[in-house]
Amino acid sequence: MSSRPEKMILTMFMLTSGFQIDSWRAPGSRSEELARLPLMRDMAQAAEAAKLHAVFFGDSVDVVTIRDNNIRNTGLYEPISSIGALIGYTKNIGLVGSLSTSFTEPYNAARQFAGLDLLSDGRVGWNIVTSLFGGFQNYGLDAMPDPKDRYRKATEFVKVVTELWDSWTDDTILNDRASGQWADVEKIHDINHAGEFFKVAGALNMPRPPQGHPVLFQAGQSDPGVKLGGETADVIYTAQSNREEAENFTRRVRDSAAQAGRPRDAVKILPGVVPIVAATRAEAEEMSRELACYIDMEAGRRRYENASGVDTSGLELDDLIPAERFEGSRGNSSRWAIMRRMAVDEKMTLRELIIGFARSGGHRILVGSVEEVADEMITWFEAGISDGFNLDPPSVPEGMHAMLDLLVPHLQERGYFQTEYSGGTLRESMGLERPASR
Amino acid sequence: MEPRGQMVLTMFMLAFGYQNDAWRAPDSRAEEVGGLDMIADMTLAAERAKLHAVFFADSADGNPLLGGDNRGVTIYEPVATLGALAAKTRHIGLIGTASTTFSEPYTVARQFATLDNLSGGRIGWNVVTSFTGARNYGLEEMPEPAARYRRAGEFVDVTNQLWDSWDRDAIIADRERGLWADPDRIRRINHRGEHFTVEGPLNIPRPAQGRPLIVQAGQSEAGISLGSSVADVIYTMQSDLERSKAFYRDYKERVEAKGRLADHVKLLPGIMPIVGRTQQEAQELSDELASYIRIDSGRRTVEKMMDVKIDDLEVTDRIPPERMVDGPTRMDRWRVYRDYALEHTLGELITELSRAMGHRWMVGTPGAIAENLIEWFDGRACDGFNLNPPSVPGGMNAMLELLVPELQERGYFQQEYTGSTLRERMGVQQF
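Residues numbered from 1 in each chain as written. Chains lettered and ligands numbered in written order. Predicted model: local features only at pLDDT ≥ 70, side-chain atom pairs only at ≥ 80, totals over all residues. Heavy atoms only, no water.

Across its full length, chain A carries 14 helices and 13 strands. Dimensions of chain A, computed from the C-alpha atoms along their principal axes, are close to 80 × 50 × 45 Å. Buried positions account for 63% of the 438 residues belonging to chain A. Contacts in chain A between residues at least 24 apart in sequence constitute 76% of all its contacts with a sequence separation of at least 6. Of the accessible surface of chain A, which amounts to about 15800 Å², a share of 48% is contributed by carbon and sulfur atoms. Of the charged side chains in chain A, 47 are positive and 63 negative; the average position of the first set lies 2 Å away from that of the second. (Helix = DSSP H or I, 4+ residues; strand = E, 2+ residues; numbered from the N terminus. Buried < 20%, exposed > 50% of the residue type's maximum accessible area, 1.4 Å probe, protein only. Contact = heavy atoms within 4.5 Å. Areas by Shrake-Rupley, 256 points an atom, 1.4 Å probe, with all protein chains shown as cover. Lys, Arg positive; Asp, Glu negative; His and termini not counted. Charge placed at Lys NZ, Arg CZ, Asp CG, Glu CD.)

Structure (structure tokens):
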């Protein structure tokens, strides 16, 4: 049975230009090397040296944010090929990549992740996304499909992919030189799937992945997102900056898992955190101020308006946003509710909101000494709000190294994080069950 | 005869060996197939031999495996695998297949652009149209070849435009102004065609080679038309020297007629060399490999490949000619083997299909095989070869450690890597 781990699960978001927007403007950043190998390799190897469970690539399939000069999470590293390369440069760490269910075929997705899992001996995870923010214009569509349709399609997509992974039994490969039978073809089964969106005969033309199924990650906070997560995901990434809301979210996910007939704790929940840490609180605050000064406030205001749907014209940076400006803005996502709460209930100034948005995207920002930041993380972990965290490096390499070289060892010293790799698959290291072979 | 430069040599990456059932050899690494170590070792062996590239084929269904064809072309998914090999190697080119029939150009452009950037410009894309696999992609049957090739032509047009959508100097990393990429140097493509509507631009910087190397195979009229328009390397099946010379001459004329330099398109026939230090050693290896061929799965391969019923035939029989009916969906390979089957027994056809699949195979000493390859090269029947390893690692090592050095000693193959990208090393167009 799966159970809550005694130690945290920690992964790192591979944001090669830093999680805080514009943090690449720091003199020590390696922004000249973005999209090249050495930067990505060094980050993954640093995370492996810190014994993190995995590194994680987001993705996008359009250039809209780059055009807006926001290179935080732009898809500069296409995940399948990038994870392939990192398999060759790492030994133990898990490698997780996003792939949208909106623009590709399940047979291709099943093959690419099966290939990665085979090559890595079971270190790969797939973050299932439905392309919330766009990309349709590059795939022959006039608009993004409705969220409900996207999630229905995603649900069917994942079902097809997992059936394809299961189309070979674990004992299909005989490797019998004497008879000349490499595979027992009787154990390779067509899936004959015919659904609303896909018709796939199967079987897959590759062996069952070492993990059975690569670890399934998902990150949706809407009702259809939580339903998909509860039914299918092994790990959930989530944006939570408020304890009460985080508790509610965790309850919803556990309920959703239970409704799907799974143990309540079958799904590992990893909120994103942005730790801006240093040996002392004063140093951390200094680093935070320095990072904030890289934010282009004009562009930041535009991005904040785009994300929240709120008109800030006429407001000074030190003003509060009047509550009525949120009325009528298009609040279709859970992030919008967070943005409203911060502006209206927590009375943050426009400047603070712009900085907060540039740096968190709804994730929790923790500025402080190593002890203070660790305390905050441990509090949530001990309370059962999360099973660990997805660490967002505030800047690269400086903010990332503070996080990996100071914070993680401190968590290890206090017994909350692994000091060695267990040597098994990613699934095993996260305390997840291996799906049984048919 | 005017002197020529040096050959282009690549290796077909088949972890089970090119001859069907060769994995049954005691020294094969069949237990490891699917994992990284053995293909990394194969690629490193090819890199030690200074080969220009290794090449992964692909297919969109499991039918060959289910039919007992254990060449295993599908076990290594090419994009994932090229990524891993980019990390394990320094100089050798890495060519992978992606189908234009079952993918989207934006996805393929992104994957190959990233591979090219991560590998420092060592990536090639083998552009194929799938002739099987429909039922894994929601189709009842495959589109007609003409339709598939029209889609392929438009597909490559779109990927080229996407790779060109970032200027070489688009990344300015201007910390002062807070501008990482200059938006004026990244352009939409606004493509609208018969099959694809793609706005662009790509969200990945221009590939290290400008465009990854384009490889194509296919000897139908539609295939030649596509290849001569867009490809840098052509994989081809040629079993006869004179016909290969004629094909080569015609092909280069087609290339020039399209306003391209004939020398910018490299024609590489496949060949499987079974090499031994002596003729006797080579023959022994050949006999040993032949002993692994399974007649039952060989029969299934014949049935599938030739689309005929042979249940009632003995291996000493010939397939009655009336059972093999030509038609517009037949591949070149089908006609090659139809002709072969008219003059050989079923058993001979099974061995031939296990070994050749339309390509030549030779048994001999390094000197004898090298002389033959040089005759083809100097006679302008080809620009080099795609080497099919008869078995892995035995037959492959003999090929790389005996035959390739022989070609190097005779001045027909590079002794060191020069240039910085695969395109430079191959001597094809630079972007």
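Now that the structure has been shown, we can carry on.
This part covers the interface of chain B and chain A. Between chain B and chain A, the contact holds 74 residues from the first and 69 residues from the second. Of the roughly 6000 Å² buried between chain B and chain A on both sides combined, carbon and sulfur atoms contribute 52%. The largest contributions to the chain B side of the interface with chain A come from Leu118, Arg175 and Trp180 of chain B, which together make up 14% of the buried area. Summed over the shared surface of chain B and chain A, the number is five salt bridges. (Buried area = accessible area lost by both parts, 1.4 Å probe. Salt bridge = Lys/Arg side-chain N within 4 Å of Asp/Glu carboxyl O.)

If you look at the biggest cluster of nonpolar residues, it comprises 191 residues, and the most contacted ones within it are Leu52 of chain A together with Leu51 of chain B. Apart from the residues within four sequence positions on either side, leucine 52 of chain A is in contact with Leu10, Thr11, Met12, Ala47, Ile93, Leu391, Leu404, Val408, Phe417, Gln418 and Tyr421 of chain A. Core analysis: the next-biggest nonpolar cluster, separate from the first, contains 42 residues, Tyr235, Val308, Ile310 and Met357 of chain B among them. (Core = buried A, V, L, I, M, F, W, Y, C linked by side-chain atoms within 4.5 Å.)

Residues and elements named next belong to chain A. Per the counting criterion, the structure on display carries 59 salt bridges over all chains. Residues aspartate 387 and arginine 254 are paired through a salt bridge, measuring 3.2 Å at the closest nitrogen-oxygen approach. With a gap of 133 residues between them, aspartate 387 in the loop between helix 12 (370-382) and strand 13 (388-391) and arginine 254 in helix 7 (residues 243-259) connect regions that are remote in the sequence. A single burial state applies to aspartate 387 and to arginine 254, both of which are buried. With its nearest N and O atoms 2.8 Å apart, the salt bridge here joins aspartate 255 to arginine 264. Overall, the relative accessible area of 30% leaves aspartate 255 in the partly exposed class. According to the relative accessible area criterion, arginine 264 is partly exposed, its value standing at 41%.

Residue and element names in this part refer to chain A. Taking 1.5 Å as the rise per residue, helix 4 (residues 106-119) with 14 residues should run 20 Å; its terminal C-alpha atoms sit 20 Å apart, in good agreement. The buried fraction of helix 4 is high, at 14 of 14 residues. Residue aspartate 121 follows helix 4 closely and has a positive phi angle near 55°. (Expected span 1.5 Å × (residues − 1).)

Another aspect to go through is the packing of helix 5 (residues 145-163) of chain B against helix 6 (residues 221-230) of chain B. All names here are of chain B. Interaxial distance between helix 5 and helix 6 falls to 10 Å at its minimum, and their mutual angle equals 10°. Classified by the interaxial angle, the pair formed by helix 5 and helix 6 is roughly parallel. Listed contacts from helix 6 to Tyr149, Ala152, Gly153 and Val156 of helix 5 are Ala222, Gly223, Leu226 and Val230. Residues of the contact of helix 5 with helix 6, tallied by class, amount to six nonpolar, two polar and no charged. (Axes fitted to C-alpha atoms, helices over the stretch in contact; angles between N-to-C directions. Parallel < 35°, antiparallel > 145°, perpendicular 65-115°, else oblique. Nonpolar A, V, L, I, M, F, W, Y, C, P; charged D, E, K, R; others polar.)

The subject of this paragraph is the pairing of strand 11 (residues 266-275) of chain B. All names here are of chain B. Burial within strand 11 is extensive, with ten of its ten residues counted as buried. Going residue by residue along strand 11, you find Lys266, Leu268, Gly270, Met272 and Ile274 tucked away on one face and Leu267, Pro269, Ile271, Pro273 and Val275 tucked away on the opposite face as well. As paired strands, strand 10 (residues 233-236) and strand 11 are joined by four bridges and run parallel to one another. Bridge pairing in strand 11 places valine 233 opposite lysine 266. Crossover connection from strand 10 via helix 7 (residues 241-257) to parallel strand 11: handedness right-handed. Examined bridge by bridge, strand 11 and strand 12 (residues 360-364) share five bridges and lie parallel to one another. (Pairing = 2+ DSSP bridges. Right-handed = clockwise from strand over helix to strand, strands pointing away.)

Here the focus is the pairing of strand 13 (residues 384-387) of chain B. Within a regular strand, side chains alternate between the sheet's two faces. Residue and element names in this part refer to chain B. Burial of strand 13 is two-sided: the residues Gly384 and Asn386 facing one way and the residues Phe385 and Leu387 facing the other way are all buried. Pairing geometry for strand 1 (residues 8-12) and strand 13, over four bridges, is parallel. Within strand 13, the residue paired with leucine 9 across the bridge is phenylalanine 385. Two strands pair when backbone bridges link them, and strand 11 and strand 13 are joined in this way by two bridges, in the parallel orientation. Across the sheet, glycine 270 pairs through a bridge with asparagine 386, a residue of strand 13.

Right, let's talk about the environment of isoleucine 236 of chain A for a bit. All names here are of chain A. By secondary structure assignment, the location of isoleucine 236 is in strand 10 (residues 235-238). Considering only alpha carbons, one finds isoleucine 236 and alanine 343, 107 residues apart in sequence, at a separation of 27 Å. Ignoring any residue separated from it by four or fewer positions in sequence, one finds isoleucine 236 in contact with Gln218, Gly229, Phe249, Val253, Val267, Lys268, Ile269 and Leu270.

Turning to the packing of aromatic side chains, a few remarks are in order. For the structure on display, the rule yields 32 aromatic pairs over all chains. When the ring of phenylalanine 157 of chain A is compared with that of phenylalanine 198 of chain A, the centres are 5.5 Å apart and the planes differ by 80°; the resulting orientation is edge-to-face. One end of the pair, phenylalanine 157 of chain A, is in helix 5 (residues 147-165); the other, phenylalanine 198 of chain A, is in the loop between strand 7 (190-194) and strand 8 (199-202), and 41 residues separate them in sequence. When sorted by exposure, phenylalanine 157 of chain A lands in the same class as phenylalanine 198 of chain A, which is buried. Ring geometry for phenylalanine 197 of chain A versus phenylalanine 198 of chain A: centroids 6.4 Å apart, planes at 50°, classification tilted. Residue classification places phenylalanine 197 of chain A among the partly exposed residues on the basis of a relative accessible area of 30%. Since its relative accessible area comes to 7%, phenylalanine 198 of chain A is described here as buried. The cationic tip of arginine 41 of chain A hangs over the ring face of tyrosine 89 of chain A; the distance from NZ or CZ to the ring centre is 5.6 Å. In this structure, arginine 360 of chain B is placed above the aromatic ring of tryptophan 376 of chain B, and the distance from its NZ or CZ to the ring centre is 3.9 Å. (Phe/Tyr/Trp six-rings, centres within 6.5 Å; stacked < 30°, edge-to-face > 60°. Lys NZ or Arg CZ within 6 Å of the ring centre and 35° of its normal.)

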